[in-house]
Amino acid sequence: MALQPAAGARDLIPQQVKKNQEITKRLAEVYKLWGYEEVSPPRIERLDTLTAGGGIANEDIVRLVADEPLGLRPELTASIARSACTRLKTRERPLRLWASGTTFESRVAAGGGIYIEENLQSGVELFGVKNISAELELLSLLLESLFKLEIDSSHKTKLLLGNTCLMDLVLENYEGKIRNKIKHNLIDYNKIGLEDLEIDIEKVNGLISILEMRGPASEIINKLKEKYGEEEPIRDLARLFKQLEPIAEEKGVILQLDPTFQPHFELYNGLVFQLVCEGKSSPVVIARGGRYDKLVASCGAKSSEAAGAGFSFSIDAIREQITTINKDILVDNNRTLITYGPQSSLEDAMVNQRELHKNGITAVLELDCCNTLEEARSLLPARNCQHIKWLNN
Amino acid sequence: MITVALAKGALLKDSVARFATAGLDFSDVLDPDNRQLMVPSKCGSARALLVRNGDVPVYVAYGQAQLGVVGYDVLKEHQMPVAHLVDLGFGGCRMSVAVKEESIYKCAADLPPHCRIASKFTNCARDFFDSLDLPVELVHLTGSVELGPITGIAEAIVDLVATGRTLRDNGLVSIEDLFHSTARLVGHPLSLRLDRGLLQEVVDSMRT
């Protein structure tokens, strides 16, 4: 059997690489327009950095065999937050940074073995803004980026938003084990689990009604106001949606506010969101992000600056969704094959190649001698070239 | 279009009947001559995937099916990230520990440490014996588990018991139940969160 890559590892062919580069380039252009500066965080980090803020479980990290506890980064945020709080701690806030690169996550495969999931990500982080202004900027930037990727209404894209503060409001009257159980059941969308809880049936029905809250954001916000009053997170959401709704409508993105949407891990402490496309057979998450002030605090930021929020695009997921990227970018239609006959030599061909390269023309050497021009021409399709240079004197 | 994963076998007829209450008629899957594995509903707005019991939570967890019907025993064994929506009530059975009729063991805690337990549901069995702090050696079998104590490969088995007839016919007796299992409506969590009412309508109709 031929040698195979490790389970889950990316092993891309040229066209996939070109598409990834094009997507990353377009995103970088938007980030730069908004004043974000590029950083390049390390692929290898200490485990205490990677697990800071509760963003990832220990078992999900690909560990390295070393004297100190090291692992491959499962995402970019923790490393950038560490950098923002150490080498960049004297920089003025707000601090706007972006990065792209591969991430590695360890998973248990269906068969029981370990599966290392390698992904290319590109995203931004905004540090030092404690109020909703950060979310207003980030989500506007997210939608703007989407436009540059030519992801439009045909992809039936939805921006799913939740807020951990809303979950706190939902759980405000519960404590201890029952609070944890309710939270887990709400996050898991486990209605039967809620019904099985030993609490008053009216309370169960109330929790289920929040779990099932769907519809236009303004309606949901009004329902939340009726239930919990004019709390700050609800006011912030109202402001956020007022800003986002016209942009989303213009870009063909549906906004979905879900009061109980949040991941299991503890990284986020405020707004949390996912951008989801309708894939061929199932929904595909192409970007995710949120606010992670606690992570920034755990990296050593002083309390007045302990604020961070960001998002990250999954480039590999986007690549599979976009079919509209200009084919000229993906296929080089101006390749010249330099061939030589019995009266010439490879050395002559290389001289000729240098001339073409000087003029910016992609020139590929045919290393073996061809007997005739016809024989040389017959090689064009196999060498993926459109033009020929024939040397035979 | 809504895609539902239906388990072939004992739960199929009742699953089709419950989806019919939600206006989705998949009765074509019950046709003995049907060999199709992806069957559209009569109204054309949904389709059913006919899959093996253990594959229902897999199709739902990966989002290829937004909804599915499967027994709680399968959900507990596979632990896939699916939303548990409605206890449909049918397909009732027990997950039980069973031993030979003449066995001296009268409850699970009586079993000797490090004894062999045969089961198709090794995750359920492991959780159960862990909760008793009783170390056991699990032997994974894929069927005819009742043969375990008869042949001597295991002192006891952990298996589903519906009427108890198979146990009796093979000279076995149930000594303790792990849990009671019924059919559950499950859903793909992200699809449910992105839903604008279509899936919710089906779930609500099947609840009643």
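Remember, it's a predicted structure, so these values are computed and weren't measured experimentally.

Moving on: the overall build of chain A. The number of helices and strands found in chain A is 15 helices and 14 strands. Projected onto the principal axes, the alpha-carbon positions of chain A cover approximately 95 × 55 × 50 Å. Long-range contacts, defined here as pairs at least 24 residues apart, represent 69% of the contacts in chain A between residues at least 6 apart. About 19,600 Å² of surface is accessible on chain A, with carbon and sulfur atoms providing 49% of the total.

Here we take up the layout of surface pockets. All names here are of chain B. Quantified by volume, the second largest pocket comes out at close to 790 Å³. Those elements that place two or more of their residues in the lining of the second largest pocket are helix 3 (72-78), strand 9 (156-161) and helix 6 (165-169). Residue contributions to the lining of the second largest pocket peak at four residues, all from helix 3. The residues that make up the lining of the second largest pocket include at least three from each of domain 1 (2-91 + 182-206) and domain 2 (93-180).

A few words on the sheet that holds strand 4 (residues 70-72) of chain A. All names here are of chain A. If you walk across this open sheet you meet the three strands as 2-4-3, and the pairing is antiparallel. Taken across any chain shown, the strands that pair with only one partner, and hence form the sheet edges, are strand 2 (44-46) and strand 3 (63-64). Where strand 2 lies against strand 4, three bridges are found, and the strand directions are antiparallel. Residue R46 lies in a different strand from strand 4, and its bridge partner there is L70.

Take the environment of E105 of chain A next. Residues and elements named next belong to chain A. Mapped onto the fold, E105 is located in strand 5 (residues 95-108). Note: C-alpha distance between E105 and I61 (44 residues apart in sequence) is 5.6 Å. Look past the residues within four positions of E105 in its chain and what remains in contact with it is I56, D60, V62, P74, Y115, I116 and E117. Only 3.0 Å separates the side chain of E105 from the side chain of R107, close enough to count as a polar contact.

With that settled, consider the interface of chain A and chain B. Listed per partner, the contact involves 27 residues of chain A and 22 residues of chain B. Summed over the shared surface of chain A and chain B, the number is two salt bridges. A salt bridge links R193 of chain B to D258 of chain A; the nearest nitrogen and oxygen atoms lie 2.9 Å apart. In this structure, the connection of chain A to chain B is made through 17 residue pairs in polar contact (both at pLDDT 80 or more).

Bringing the domain arrangement of chain B into the picture now. Residues and elements named next belong to chain B. In terms of domain boundaries, chain B breaks down into domain 1 (2-91 + 182-206) and domain 2 (93-180). Between the C-alpha centres of domain 1 and domain 2 there is a distance of 30 Å. On the side of domain 2, ten residues touch domain 1, which itself brings six residues to the contact. Between domain 1 and domain 2 lies a buried interface of about 740 Å² when both sides are counted; carbon and sulfur atoms form 55% of it. Looking at the side of domain 1 facing domain 2, the largest losses of area belong to D73, K76 and E77, adding up to 68% of the total buried there. At the boundary of domain 1 with domain 2, the tally comes to four residue pairs in polar contact (both at pLDDT 80 or more).

Calculation criteria
- Residues numbered from 1 in each chain as written.
- Chains lettered and ligands numbered in written order.
- Predicted model: local features only at pLDDT ≥ 70, side-chain atom pairs only at ≥ 80, totals over all residues.
- Heavy atoms only, no water.
- Helix = DSSP H or I, 4+ residues; strand = E, 2+ residues; numbered from the N terminus.
- Contact = heavy atoms within 4.5 Å.
- Areas by Shrake-Rupley, 256 points an atom, 1.4 Å probe, with all protein chains shown as cover.
- 1 Å grid on protein atoms, 1.4 Å probe; cavity = no way out; pocket = protein on both sides within 12 Å on 5 of 7 lines; lining within 4 Å.
- Points joined across faces, edges and corners; volume = space filled by probe spheres on them.
- Domains from an automatic or database assignment.
- Pairing = 2+ DSSP bridges.
- Polar contact = N/O pair within 3.5 Å; in protein donor to acceptor, adjacent residues only side chain to side chain.
- Salt bridge = Lys/Arg side-chain N within 4 Å of Asp/Glu carboxyl O.
- Buried area = accessible area lost by both parts, 1.4 Å probe.

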